[in-house]
Amino acid sequence: MDTGSNLLWVDCAGCRQCRRRAINRAIYDPSHSSTYTSIQCDDQRCIDISANGECSPTGQCFYNKRNYARGSMSSGLIATKQLTFGPIHEGIAEEITVVSGMVFGCSSDSQSLPDSKFNGIFGLSNRSYTISAFGSKFSYCIGDITDKDYGYNLLILGEEANFEGFTTPIDIQYSGHYYLSLQSVTVGNSNTYINPNGMWSKSAVMDTGTSGLWLVSGLYTEFRIKIVAFMEDLGLNSTTDESRKLCYHGNFTTEPVNSQLTNVHTIASLHFANGADLDLEVKSLFYNTNKGTFCLDVNPSITEEVTIIGLRAQQSYNVGYDLIGRMLYLQFRECAALFP
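Here's a quick rundown of the structure. These numbers were taken from a predicted model, which means no experiment stands behind them.

Some thoughts on the pattern of salt bridges
Logical step 1: With the rule as written, the count across this model stands at four salt bridges.
Logical step 2: Of the charged contacts, one joins Glu159 and Lys137 as a salt bridge, the two residues approaching to 3.3 Å between their closest N and O atoms. With Glu159 in the loop between strand E10 (154-157) and strand E11 (166-169) and Lys137 in strand E9 (residues 137-141), this pair connects stretches of sequence that are 22 residues apart.
Logical step 3: The exposure class assigned to Glu159 is exposed, which follows from its relative accessible area of 58%.
Logical step 4: A salt bridge links Asp297 to Arg312, with the nearest nitrogen and oxygen atoms 2.8 Å apart. Highlighted residues: Asp297 in the loop between strand E21 (293-296) and strand E22 (298-300) and Arg312 in the loop between strand E23 (307-309) and strand E24 (317-322), separated in sequence by 15 residues.

This is the structure:
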């Protein structure tokens, strides 16, 4: 699920690099579909998605995506087919919604997906045909990105989207990315604001296609210094791993570290226009490694112009997008409470 990408694509039969992953998940075979139709190169939908207007030797629309934040890539044919959406309860789909002629990518080559069970990317940027098929609203609540058995992650497309909590304006640019105005950042209970009035950059992008938080360099340096001081006040002294990430000994979900963090709900906060805040707890900032440490998943941004807010930082929030009203909704929630 990627709010920074405009294309829904899945691995298709014959896909290179897919065979090694196929044991864990499904591969789509278009020859078994009665509604699959490839798109020709002169189709406006091809021009919208494939900026370079690439064509297959038979004149079919070809896409090549290489700019995912994780370094993933996918290439293949652009096609349409009938897709069926609906919530699943005990293995049975309920309240079925059928969308005819849904535009998607049929991947013949994909690499570097973050997990062997993934078989594609669900693009949710403003330029996504998936979004336009359901109107102009969607919301999601992701409870825990590390627990693969967590059963309450939720994505709602269309008018039933959950809009609650604080609001902040969205600036939707040609790229389709969702830009917010980041006013400042605080760490702990400090009244010292980092990035006051956007000293380094006010632009922030909501991007569920990456896990970490990517801060423009000046903001990153100040943020890291304050995190070190905050953790030292809790009796936790830092170390660094081979990639110079800021790490700590132990596991933040177990003793003794868990006790040191028990009374800490908010480690840091991102403050947006209109007074909307994104409060970051320990699981929003850190990840446990298999080396007996937990590390800060905050990095210097690859661009000096924009901060990128990945999915880890958005955990335990219901995030709603109203694309007509150009407004983002943020509400700290237990995602299970959104289920009947």
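Text resumes after the structure shown.
Structural notes on the packing of aromatic side chains
Logical step 1: In total, this model carries 16 aromatic pairs according to the counting rule given.
Logical step 2: Ring geometry for Phe85 versus Phe134: centroids 5.0 Å apart, planes at 85°, classification edge-to-face. Placement of Phe85 in strand E4 (residues 73-85) and of Phe134 in the loop between helix H2 (129-133) and E9 is noted, with a sequence separation of 49 residues between them. Per residue, the accessibility class of Phe85 equals that of Phe134, and both read buried.
Logical step 3: Ring geometry for Phe138 and Tyr178: centres 6.1 Å apart, planes at 55°, overall tilted. Of this pair, Phe138 sits in strand E9 while Tyr178 sits in strand E13 (residues 178-187), and the two are 40 residues apart along the sequence.

What about helix H3 (residues 217-233)?
What sets the pattern is the α-helix's 3.6 residues per turn: residues three or four places apart point alike.
Logical step 1: Look at H3: 25 Å from first C-alpha to last across 17 residues, which is about the 24 Å you get at 1.5 Å a residue.
Logical step 2: Three or more residues of H3 are buried, namely Gly218, Leu219, Tyr220, Phe223, Arg224, Ile227, Val228, Phe230 and Met231.

Describing unusual backbone geometry
Logical step 1: Here Glu255 and Pro256 are connected by a cis peptide whose omega angle stands at 0°.
Logical step 2: Note on placement: Pro256 falls in the loop between strand E17 (246-249) and helix H4 (257-261).
Logical step 3: A positive phi is found at Asn274, a non-glycine position, where the angle reads about 75°.
Logical step 4: In this structure, Asn274 sits in the loop between strand E18 (268-272) and strand E19 (277-280).
Logical step 5: Positioned with a positive phi, Ser316 is a non-glycine residue whose angle comes to about 65°.

Considerations on the side chain of Ser316
Logical step 1: Note that Ser316 resides in the loop between E23 and E24.
Logical step 2: Using a relative accessible area of 9% as the deciding quantity, one classes Ser316 as buried.
Logical step 3: Of the polar contacts made by the side chain of Ser316, one reaches the side chain of Lys283; its length is 2.9 Å.
Logical step 4: If near-sequence neighbours (up to four positions away) are discounted, Ser316 is found in contact with Ile142, Gly143, Glu281, Lys283, Gln331, Phe332 and Arg333.

Some words on the state of the cysteines
Logical step 1: If you walk through the whole model with that rule in mind, you get five disulfides.
Logical step 2: Disulfide pairing is shown between Cys46 and Cys61; the S-S distance is 2.2 Å. Across the disulfide from Cys46 to Cys61, rotation about the S-S bond amounts to roughly 85°, and the bridge is consequently right-handed. Taken together, the residues Cys46 in helix H1 (residues 44-49) and Cys61 in the loop between H1 and strand E3 (62-65) connect sequence positions 15 residues apart. By the burial criterion, Cys46 is buried, and Cys61 matches it.
Logical step 3: Here Cys141 engages in a disulfide with Cys335; their sulfurs sit 2.1 Å apart. Across the S-S bond linking Cys141 and Cys335, the dihedral sits near -85°, which makes this disulfide left-handed. One end of the pair, Cys141, is in strand E9; the other, Cys335, is in the segment after strand E25 (327-332), with 194 residues separating them in the sequence. Accessibility assignment for this pair places Cys141 and Cys335 in one class, buried.

Side note on the environment of Gly86
Logical step 1: Tracing the sequence through the fold places Gly86 in the loop between E4 and strand E5 (88-89).
Logical step 2: Judged by its relative accessible area of 34%, Gly86 falls in the partly exposed class.
Logical step 3: Between the alpha carbons of Gly86 and Thr97 there is a distance of 6.1 Å; along the sequence they are 11 residues apart.

Observations regarding the environment of Asn6
Logical step 1: With respect to the helices and strands, the residue Asn6 is situated in the segment before strand E1 (8-16).
Logical step 2: Residue Asn6 is classed as buried on the basis of its relative accessible area, which comes to 11%.
Logical step 3: In sequence terms Asn6 and Gly123 are 117 residues apart; their C-alpha atoms lie 4.7 Å from each other.
Logical step 4: Beyond its immediate stretch of four places on either side in the chain, Asn6 contacts Asp48, Ile49, Lys65, Gly123, Ser125, Arg127, Ser128 and Tyr129.

Brief notes about the pairing of E24
Logical step 1: Within E24, six of the six residues are buried, which leaves it mostly tucked inside the rest of the structure.
Logical step 2: Of the two faces of E24, the one holding Tyr317, Val319 and Tyr321 and the one holding Asn318, Gly320 and Asp322 are both buried throughout.
Logical step 3: Sheet topology places E9 next to E24; five bridges connect them, and they run antiparallel. By the bridge assignment, Phe138 is partnered in E24 with Tyr321.
Logical step 4: Bridge count for E24 against E25 is six bridges, and the pairing is antiparallel. Considered in E25, the bridge of Val319 is made with Leu330.
Logical step 5: Taken together, E24 and the strand that follows it, E25, pair antiparallel across an intervening segment of four residues, in which Arg326 is found at a positive phi of about 55°.

Rules used throughout
- Residues numbered from 1 in each chain as written.
- Predicted model: local features only at pLDDT ≥ 70, side-chain atom pairs only at ≥ 80, totals over all residues.
- Heavy atoms only, no water.
- Salt bridge = Lys/Arg side-chain N within 4 Å of Asp/Glu carboxyl O.
- Helix = DSSP H or I, 4+ residues; strand = E, 2+ residues; numbered from the N terminus.
- Buried < 20%, exposed > 50% of the residue type's maximum accessible area, 1.4 Å probe, protein only.
- Phe/Tyr/Trp six-rings, centres within 6.5 Å; stacked < 30°, edge-to-face > 60°.
- Expected span 1.5 Å × (residues − 1).
- Polar contact = N/O pair within 3.5 Å; in protein donor to acceptor, adjacent residues only side chain to side chain.
- Contact = heavy atoms within 4.5 Å.
- Disulfide = S-S within 2.5 Å.
- Pairing = 2+ DSSP bridges.

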